[in-house]
Amino acid sequence: MKTFKIGGIHPPENKLTEGNSIEVLPIPSELAIPLLQHLGKPAKPVVKAGQRVKKGELIGEADGFISANVHATTSGTIKAIKSHPHPGGQYAPTVFLESDGQDEWLDGCNTEPQDWQSFSKEDILNRIKAAGVVGMGGAGFPTNVKLAPPKDKVIDTVILNGAECEPFLTSDHRLMVEEPEGIIEGLKIITSLFSTPVKAYVGVEANKKDAIEALAKYASSYNFEVVQLETKYPQGAEKQLINSITGRKIQEGELPFDKGCIVNNVGTAFAVYEAVCKNKPLIERVVTVSGIEIQAKKNLKVIIGTMFSDIISACGNIPGTVNQVISGGPMMGKAQYSFEASIIKTSSGILFINNEGLDTSRERTCIRCGKCVEACPQELQPWLFTNLAQRREFDELPAYGLFNCTECGSCTYVCPSKREIVHWIKYSKAIVNNRKKRKSA
Ligand code: SF4
Ligand code: SF4
C-alpha cells in the first residue's frame, strides 16, 4: 500500500454514506446559478431577465484564460442576475432561473455517446472548454487549461484522484462504484492529449474496496493501474498524491507539470467523458449530505444552482442540535452563513455538525509540543506562522514557506492548545498578497 512520506493525520473517517447509492434530487422550482464556480474571473452573463433558456444553454461565458463557461441547468425563464450569497463565503454574481418543469435539453446537447478517437486534440480541448469543465475536487481550475501545459513540460504521468480523504464525504466513492466506465473513458481521453508515452494511475484510499474493484475491472481493457493508498489525511492533496504514487516531490513554487504529472479528480474525468463524448456541459454533480445528527444521509445527484435550503427540505430538515453547516469536508470545507447559497461545480458535500463534534475550548498559548510540525505534510513549522502572525510580522512569513502551505488543516486538528493555525495562515496570505499588490500598483 502506498502513501506520502511526511506528516499526515488519521481523523475518524465517518464515511456514513459509503453504502448509499446515488439518488437524483428533483429539480427545484428556482435555481441560483453563480457565475463564479471556478478559479479566475466570474463568467460574463450572456442572458437577460425574461429570456427563455433550455437545459445546457450557455448563460455565462468564460471571461479570460482562467475562467469557465456556465450553463443553464434546466429549462425555464431567467428571472434576474444579481449578487447573491456564494458557498465560498462571499457574494457573487448569480443567474436566477425559474424552472418550467419541462427540463428540455438544448438541441445537440447530451447526445448518445460518440467515438472520441476520431477527434483531434484541439477538438477535445475545445469540447472540454465549451462544457465549462473545471476541477471538481475543490480547486475549480479550468480543465482545458490544466490539460494543455506549456510545450516545454514533458508529461509522463496522469493520475486520477479518487482518494477522497476528507471525513464524511463519499460522493467520489459512489461515482467510482456506479460510473467506473465513464471515469476510465475520461482517463483515456485525458492521456490521449499527450504525445509522450504516459503512465496512467487512479489513486484510491484503501477504505474504498468496492471502488477499487469496480475500477480494476477496466484495467484489462486499458493499461492503467489502480493504486491502493493508505487511508491517511491529506492523501488526496495533489502534492501528497503525487508523492504517494510516484515518489516525486513538488517543491515550493513548482506545479505538478514541473515534475511530469497531471492530476485530475475522478469526477472531473467523468465530466470530461460526458463533455467530449456526449456534448454535455457540466451542469450537475454528486453531493454527500451527511452529519452524525441528521437522519437522511444521502449521496445526491444535484443540478448546479440548487440552493442548500432545497437540499435541506428534501432531506427532512435539520434537528435543533445542529449548529454548523459546512460546504465540503470538515477539514477544508467552509462554514455557511446562508442556506440560500447554492451547489456549484466544486461542491462535494454538505455537512451538518453539532456541538458534540466540535471542540469549542478557547485558543491557548503554544506549548511547543511540536505536534503541528509532525502532522504537517509540507514540512513546515505551523506554530511559527501563528506566532509571527499574532505579532503582526507578516512580511517574515513567506521566508518560512507560507505559500507552500496547502491549508489542509492537519496542524489545527492536532494542536492541544487549540491554536487557530489555519485561520492565521489564511489571514497572513491575504495580508502579504495585498501588500504585494499595493506595492506593484
Ligand atoms: S495547514 Fe499548512 S501548515 Fe498546517 S499542516 Fe497543512 S500544510 Fe502544514
Ligand atoms: S501543536 Fe499547537 S501547542 Fe503544539 S507546537 Fe504546534 S501550535 Fe504549539
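Residues numbered from 1 in each chain as written. Chains lettered and ligands numbered in written order. Predicted model: local features only at pLDDT ≥ 70, side-chain atom pairs only at ≥ 80, totals over all residues. Heavy atoms only, no water.

- In the annotation of an unreviewed UniProt entry, the protein chain is listed under the name Ion-translocating oxidoreductase complex subunit C and assigned to Chloroherpeton thalassium.
- Per UniProt, the comment on the protein chain under Function (unreviewed entry) is "Part of a membrane-bound complex that couples electron transfer with translocation of ions across the membrane."
- Within the UniProt record for the protein chain, the comment given under Sequence similarities (unreviewed entry) is "Belongs to the 4Fe4S bacterial-type ferredoxin family. RnfC subfamily." (UniProt positions renumbered as here; feature names shortened; annotations may be inferred.)

What about the packing of helix H4 (residues 180-192) against helix H7 (residues 266-278)?
Move 1: With their axes 7 Å apart at the nearest point, H4 and H7 run at an angle of 75° to one another. In terms of orientation, H4 lies roughly perpendicular with respect to H7. Here H4 contributes Gly182, Ile183, Glu185, Gly186, Leu187, Ile189 and Ile190 to the contact with H7, which in turn contributes Val266, Ala269, Phe270, Val272, Tyr273, Val276 and Cys277.
Move 2: Across the contact of H4 with H7, the residue classes tally to 11 nonpolar, 2 polar and 1 charged. (Axes fitted to C-alpha atoms, helices over the stretch in contact; angles between N-to-C directions. Helix = DSSP H or I, 4+ residues; strand = E, 2+ residues; numbered from the N terminus. Parallel < 35°, antiparallel > 145°, perpendicular 65-115°, else oblique. Contact = heavy atoms within 4.5 Å. Nonpolar A, V, L, I, M, F, W, Y, C, P; charged D, E, K, R; others polar.)

As for the side chain of Asn207
Move 1: Among the structural elements, Asn207 can be located in the loop between strand S10 (199-205) and helix H5 (209-216).
Move 2: Here the side chain of Asn207 touches Lys208 through a polar contact of 2.9 Å, side chain to side chain. (Polar contact = N/O pair within 3.5 Å; in protein donor to acceptor, adjacent residues only side chain to side chain.)

Describing the site of ligand 1
Move 1: Around ligand 1, the surrounding shell holds 13 residues, and the nearest of these are Cys376, Cys405, Cys408, Gly409 and Cys411.
Move 2: The set of elements that each furnish at least two residues to the shell around ligand 1 consists of helix H11 (410-414) and helix H12 (421-440).
Move 3: The residue makeup of the shell around ligand 1, split by class, is 8 nonpolar, 4 polar and 1 charged. (Near = heavy atom within 4 Å.)

Notes on the domain arrangement of the protein chain
Move 1: Here the protein chain is described as being made up of domain 1 (133-278) and domain 2 (371-440).
Move 2: Here domain 1 and domain 2 have C-alpha centroids that lie 28 Å from each other.
Move 3: Across the contact, 6 residues belong to domain 1 and 10 residues belong to domain 2.
Move 4: Across the domain 1/domain 2 interface, buried area totals approximately 650 Å², and carbon plus sulfur atoms make up 41% of it.
Move 5: Looking only at domain 1, the three residues that lose the most surface to domain 2 are Tyr233, Gln240 and Glu252, adding up to 60% of its buried area. (Domains from an automatic or database assignment. Buried area = accessible area lost by both parts, 1.4 Å probe.)

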